[in-house]
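Fold and geometry: a report
Residue-level listing of the chains:
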Amino acid sequence: MAAADAFRQQTTVHTWLASLQRQTQLAPPAHQEHLHILAAFCAYVGQSPDAIIAACFRDTPEGKTLHSRNRQHYAAQIDAFQRQVAGDLRQQVQYGRVVRSFLIHNGVMLQAGWQYRPQRE
Amino acid sequence: MEFKEVIGRRRSIRYFVPYRPVEREKIQTILEAARLASCAVNATFLRAIVVQRDDLAPEVLEGLKTPVSALNLELAPVHMYFYGDLRTLQESRGNTLKELIEVGALNPSHGWSHAFVDEVVWKQVIEPLTRDPLKLVGAVAVDCGVAICQALLAAFDAGLGACLSAFEPQRAQAAFGVPAHWMPLYAMLVGYPAESWEAGGQRPRPPFGELYFEGRYGNPWRRDPHVVARLTAAKMLQDPAPLPWRQEEVKTLARAFGLPE
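Keep in mind that what you see is a predicted model, and the values were worked out from it rather than measured.

**Things to note about the overall build of chain A**
Summing up its helical and strand segments, chain A has 6 helices and 2 strands in all. Written out in order from the N terminus, the α and β elements of chain A read α-α-α-α-β-β-α-α. In terms of C-alpha radius of gyration, chain A reaches 15 Å, essentially the compact-globule figure of 14 Å for 121 residues. Structurally, chain A occupies a C-alpha span of about 50 × 35 × 30 Å along its principal axes. When burial is assessed residue by residue, chain A has 26% of its 121 residues classed as buried. Considering only contacts within chain A whose residues lie at least 6 apart along the sequence, 51% involve residues at least 24 apart.

Right under this line is the structure:
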């Protein structure tokens, strides 16, 4: 429980949930599923939420800006994470969209595209 | 649809029905509307490459995406890549103005003649403009903007949705064989809206009086509430965003397409 609370208290997790709550009126029970998925992703990449977000930005003389290469790295990691989730496509997509939501609400622009696009024959 | 309502219904549509094609005649109507737009010197600067998304090889579509336009490009079945032809003026050598004289649009009543175009307008105004990149780009961009606006309105009049989106110009140039003197502008993405036509309501705009002035700067144009009421009745002015159900709509769309919330 202490570990879960510590996870939840990370600045970026707090920012994410607060922003989600404000924008989508996400009910608190849904937070648990979100946190579970984010925790799984963090374990998958071996980084904490704050470390993931920190890596997606860099300081420049003009101020903080997105770190393109790291952003792309995490976008690819999310794609890979999603693919290895056990279950059907809908479950896999749910894992991906939750993790992308975490990055997006922390200011990391990501667009993964239409997840149910039919494969070309 | 009445003209005022078309203006009122236009807003950037970002969720398209990805599998529903757009009829070819509607695409042509959009292009016809663009071609008729007002343009300085009667020089038509706007060019377009029209692409069916599903005709693009996956790696080409991927290459056209920018971080902020990736999803739009993927969902819209039709892409119109708009460019401004920077050589139009140079190549016209004032002939497009002389055409206007020939057809009675520019007349001696207003001081126009072939000699005036040849000796004054071309030599002293247009030709120097073609050598000033900053002014040329400004002139071309404004006129292309006017034409693109007509294209946008025509799309909404045809019951479609559309939005202007960024794209990767170098990838587009290579993929579509775009001439080097065409200045990349926007891709107009077209399709049937997956979101409701209201798309959450009319977007926020600055107050009228902060934008428009009467006689001199600082003297706001007086907005007549009777005119506002008439335009509201004509559906040009509509309920502003956000409509009460917008967040639910966005949530539903996100889930349907597997997008983050």
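**Regarding the overall build of chain B**
In terms of helices and strands, chain B carries 12 helices and 4 strands. Over its C-alpha atoms, taken along the principal directions, chain B stretches across nearly 65 × 55 × 35 Å. Contacts in chain B between residues at least 24 apart in sequence constitute 82% of all its contacts with a sequence separation of at least 6.

**Observations regarding the packing of helix H6 (residues 95-102) of chain B against helix H7 (residues 114-130) of chain B**
Residues and elements named next belong to chain B. Two numbers describe how H6 lies on H7: the axes approach to 9 Å, and their chain directions differ by 160°. Compared by their axis directions, H6 and H7 come out roughly antiparallel. Both H6 and H7 take part in a crossing whose hand is right-handed. Residues Leu 97, Lys 98 and Ile 101 of H6 form the contact with H7, whose own contacting residues are His 114, Val 117 and Val 121. For the contact of H6 with H7, the per-class residue count stands at 4 nonpolar, 1 polar and 1 charged.

**Some remarks on the pairing of strand S3 (residues 161-165) of chain B**
All names here are of chain B. Within S3, 4 of the 5 residues are buried, leaving the element largely enclosed by the surrounding structure. Sheet analysis places S3 next to strand S4 (residues 182-191), joined by 5 bridges and oriented antiparallel. Of the residues in S4, the one forming a bridge with Ala 162 is Val 190.

**Describing the nonpolar core**
Counting 54 residues, the largest nonpolar core has Phe82(B), Ala151(B), Ala162(B), Met188(B) and Val190(B) as the members making the most contacts within it. The greatest single-element share of this core, amounting to 11 residues, is contributed by helix H8 (residues 133-157) of chain B. Beyond its immediate sequence surroundings of up to four residues, Phe82(B) is in contact with Leu46(B), Ala48(B), Cys144(B), Ile148(B), Leu185(B), Tyr186(B) and Met188(B). One finds Val13(A), Ile37(A), Ile78(A) and Leu103(A) within the second-largest nonpolar core, a separate group that totals 22 residues.

**Quick word on the environment of Val78(B)**
Residue and element names in this part refer to chain B. Its location among the elements puts Val 78 in strand S2 (residues 78-85). The class for Val 78 is buried, based on 24 C-beta atoms found within 10 Å. For Val 78 and Leu 189, which are 111 residues apart along the polypeptide, the C-alpha to C-alpha distance reads 5.9 Å. The residues contacting Val 78, other than those within four sequence positions of it, are Val 22, Ile 27, Val 50, Gln 52, Arg 53, Val 190 and Gly 191.

**Some remarks on the packing of helix H5 (residues 68-83) of chain A against helix H6 (residues 89-105) of chain A**
Residue and element names in this part refer to chain A. Contact geometry for H5 and H6: axes closest at 8 Å, N-to-C directions at 155°. It follows from the interaxial angle that H5 and H6 lie roughly antiparallel. Considering the relative orientation of H5 and H6, their crossing is right-handed. Contacts from Tyr 74, Ile 78, Phe 81, Gln 82 and Arg 83 of H5 reach H6 at Gln 92, Val 93, Tyr 95, Gly 96, Val 99, Arg 100 and Leu 103. Among the residues making up the contact of H5 with H6, the classes are represented as 7 nonpolar, 3 polar and 2 charged.

**A few points about the interface of chain A and chain B**
Contacts between chain A and chain B engage 14 residues on the former and 14 residues on the latter. Only helix H2 (11-24) and H6 of chain A provide two or more residues apiece to the side of chain A that touches chain B. Of the residues forming the side of chain A that touches chain B, the biggest block, 5 residues, is contributed by H6(A). Within the side of chain A that touches chain B, the residues separate by chemical class into 6 nonpolar, 6 polar and 2 charged.

**A look at the sheet that holds S2(B)**
Residue and element names in this part refer to chain B. Pairing is antiparallel in the open sheet, where 4 strands are placed in the order S1-S2-S4-S3. A single partner strand is all that each edge strand has here, and the edge strands are strand S1 (46-52) and S3. Sheet twist, expressed as the mean angle between neighbouring strand axes with direction ignored, is 25°. Examined bridge by bridge, S1 and S2 share 7 bridges and lie antiparallel to one another.

**Section: the confidence of the model for chain B**
Looking at chain B as a whole, the pLDDT averages 96, with 100% of positions reaching at least 70. This prediction of the complex comes with two scores: 0.92 for pTM and 0.86 for ipTM.

**Details of unusual backbone geometry**
Residue and element names in this part refer to chain B. Cis geometry is found at the peptide bond from Ala 241 to Pro 242, where omega equals 0°. Even without glycine at this site, Arg 93 takes up a positive phi of about 50°. In this model, Ala 199 sits at a positive phi of 45°, which is unusual for a non-glycine residue. With respect to the element layout, Ala 199 can be found in the loop between S4 and helix H10 (208-211). According to the C-beta neighbour criterion, Ala 199 is buried, with 23 such atoms within 10 Å.

What counts as what
- Residues numbered from 1 in each chain as written.
- Chains lettered and ligands numbered in written order.
- Predicted model: local features only at pLDDT ≥ 70, side-chain atom pairs only at ≥ 80, totals over all residues.
- Helix = DSSP H or I, 4+ residues; strand = E, 2+ residues; numbered from the N terminus.
- Rg over C-alpha atoms; globule rule 2.2 N^0.38 Å.
- Buried ≥ 20, exposed ≤ 12 C-beta atoms within 10 Å, placed from the backbone.
- Contact = placed C-beta atoms within 7 Å.
- Axes fitted to C-alpha atoms, helices over the stretch in contact; angles between N-to-C directions.
- Parallel < 35°, antiparallel > 145°, perpendicular 65-115°, else oblique.
- Left-handed = near helix turned anticlockwise from the far one by under 90°.
- Nonpolar A, V, L, I, M, F, W, Y, C, P; charged D, E, K, R; others polar.
- Pairing = 2+ DSSP bridges.
- Core = buried A, V, L, I, M, F, W, Y, C linked by C-beta atoms within 7 Å.
- pLDDT = per-residue confidence, 0-100.

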